[in-house]
Amino acid sequence: MIRIGILGAARIAPRGIITPANALLGAEVVGIGARNLERAQTFAAQHSIPFAFGSYGELVARDDVDLVYVALPPSAHLEWCVKALANGKHVLVEKPFANNAQDAAEMAAAARAAGRHLLEGFHYRFHPLFERALALLRSGAIGKLRHIDAVFNATLPDTPGELRYIEALGGGALMDLGCYCMHWIRTVAGDEPTVVRAAARCGTPGVDLDIDAELAFTSGPTANLRCSMQPDDGVLFRRLRVEGDAGLLELDNPVSPHSGATLSLEGANPSLPEIVSGGDTTFQYQLRHVLEVIEGRAAPLTGGDDAIGNMRAIDSIYRAAGLKPRGLTS
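Please read all numbers here as calculations on a predicted model, not as lab measurements.

Turning our attention to the overall build of the protein. The secondary structure content of the protein amounts to 9 helices and 14 strands. The C-alpha radius of gyration of the protein comes to 19 Å, within 12% of the 20 Å expected for a compact globule of 330 residues. By residue count, 54% of the 330 residues in the protein fall in the buried class. With an accessible surface of roughly 13,500 Å², the protein has 50% of that area assigned to carbon and sulfur atoms. When the 30 basic and 37 acidic side-chain charges of the protein are each reduced to a single mean position, those positions are 1 Å apart.

In contact at an axis separation of 9 Å, helix α4 (residues 77-86) and helix α5 (residues 101-114) are set at 5° when each is read in the N-to-C sense. On the basis of their axis angle, the class for α4 and α5 is roughly parallel. Contacts between α4 and α5 involve His 77, Leu 78, Cys 81, Val 82 and Leu 85 on the former and, on the latter, Asp 103, Glu 106, Met 107, Ala 110, Ala 111 and Ala 114.

What follows concerns the environment of Arg 138. For Arg 138, the location among the structural elements is in helix α6 (residues 128-138). Spatially, the C-alpha atom of Arg 138 lies 8.8 Å from that of Val 188, the residues being 50 residues apart in sequence.

It is worth spelling out the pattern of salt bridges at this point. Evaluation of the coordinates by the stated rule reveals 23 salt bridges. For Glu 162, the salt bridge goes to Arg 11, with nearest N and O atoms at 3.3 Å. Of the two residues, Glu 162 sits in the loop between β7 (145-153) and α7 (173-189) while Arg 11 sits in the loop between β1 (2-7) and α1 (12-23), which places them 151 residues apart along the sequence. Glu 162 gets classed as buried once you look at its relative accessible area, which sits at 10%. The closest approach of N and O atoms between Arg 297 and Glu 295, which form a salt bridge, is 2.6 Å. Counted as one network, the salt bridges with shared partners bring together Arg 11, Lys 95, Glu 162, Arg 164 and Asp 176.

Bringing the pairing of strand β12 (residues 247-252) into the picture now. Where strand β11 (residues 237-244) and β12 come together, 6 bridges link them in antiparallel fashion. Across the sheet, residue Arg 239 finds its bridge partner in β12, namely Asp 252. What sits between β11 and β12 in their antiparallel hairpin is a turn of 2 residues. Bridge analysis of β12 against strand β13 (residues 261-267) gives 6 bridges, and the strand direction is antiparallel. Considered in β13, the bridge of Gly 247 is made with Gly 267.

Further remarks concern unusual backbone geometry. A cis amide bond, omega -10°, links Lys 95 with the succeeding residue Pro 96. Along the polypeptide, Pro 96 turns up in the loop between β5 (90-93) and α5. In this structure, Asn 253 takes a positive phi of about 65° despite not being glycine. Judged by relative accessible area, which is 3%, Asn 253 ranks as buried.

Let's shift gears to α5. An ideal rise of 1.5 Å per residue puts 20 Å on 14 residues; α5 measures up with 20 Å between its terminal C-alpha atoms. Regarding α5, the residues found buried are Ala 101, Asp 103, Ala 104, Met 107, Ala 108, Ala 110 and Ala 111. Lining the buried residues of α5 we find α4, β6 (118-120) and α9 (304-320). Directly after α5, the chain includes Gly 115, whose backbone phi takes a positive value near 65°.

Thresholds, definitions, all that
- Residues numbered from 1 in each chain as written.
- Predicted model: local features only at pLDDT ≥ 70, side-chain atom pairs only at ≥ 80, totals over all residues.
- Heavy atoms only, no water.
- Helix = DSSP H or I, 4+ residues; strand = E, 2+ residues; numbered from the N terminus.
- Rg over C-alpha atoms; globule rule 2.2 N^0.38 Å.
- Buried < 20%, exposed > 50% of the residue type's maximum accessible area, 1.4 Å probe, protein only.
- Areas by Shrake-Rupley, 256 points an atom, 1.4 Å probe, with all protein chains shown as cover.
- Lys, Arg positive; Asp, Glu negative; His and termini not counted.
- Charge placed at Lys NZ, Arg CZ, Asp CG, Glu CD.
- Axes fitted to C-alpha atoms, helices over the stretch in contact; angles between N-to-C directions.
- Parallel < 35°, antiparallel > 145°, perpendicular 65-115°, else oblique.
- Contact = heavy atoms within 4.5 Å.
- Salt bridge = Lys/Arg side-chain N within 4 Å of Asp/Glu carboxyl O.
- Pairing = 2+ DSSP bridges.
- Expected span 1.5 Å × (residues − 1).

Written out as structure tokens, the structure is:
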């Protein structure tokens, strides 16, 4: 049994770890650590978690916790992932992995030094629909890759204390939404990009509401990344479109296919659109993968060099758009 402790009484925690752990054999959430004891106790009572702690340090020091789920703002990921790893815990950290590539490299080094696994919570990556899309692309179904287009727009209200609108906490559309787009693009290309151009629209100084970036890869393809947390039309839109010299693959809603997604293919051997809805959630597939990694039955699909590469590309987009990477002075 893998015993899980949660850092942060965050909105994502029930979907991200509690419900998946309740649904799977071999995992159990045993503790929650929050900024104060009352907050932790309230959260624990709501979700039937045995132990509640009024600090993060108390949870990561527990001997009866094997895996720590870090649901804190990106600005806190470096400190608490490193401390959890140093205390002998495996770690699943919410995306984006870190504030910046420098922090990501320190976190990856801490995992190597501790001999523990540190994975990034790109839950989409573990769903069979994305695996199916990758298999088609790698089989040459659309020929040589020419261009990748990734878009993620979602209306995120600017409410008091909302971390997405606070630069010091790691806020911004690119950090919260565009990190997915970058990961889709890099995973499909199997390569690291160069930023050709980037533009940002900001509300609060330094916090991007929209990002539009052009990328290029030495392996050939180009890419566009667009994201907005205040889209003009207010419509939730998530799409990955991959053009090849012999066809086109499009994935509508790669983020959460369990809530409805479509994979379509045009090429030499076109197929009817594959429509997915229901079944296990991406978060269930994610936790299942994490357990397999901890048990030595699978190699991690996220984290490590992959996470460093994603943050390095995000840092480069911010700089190209005239903004500072999160947590850095330039």
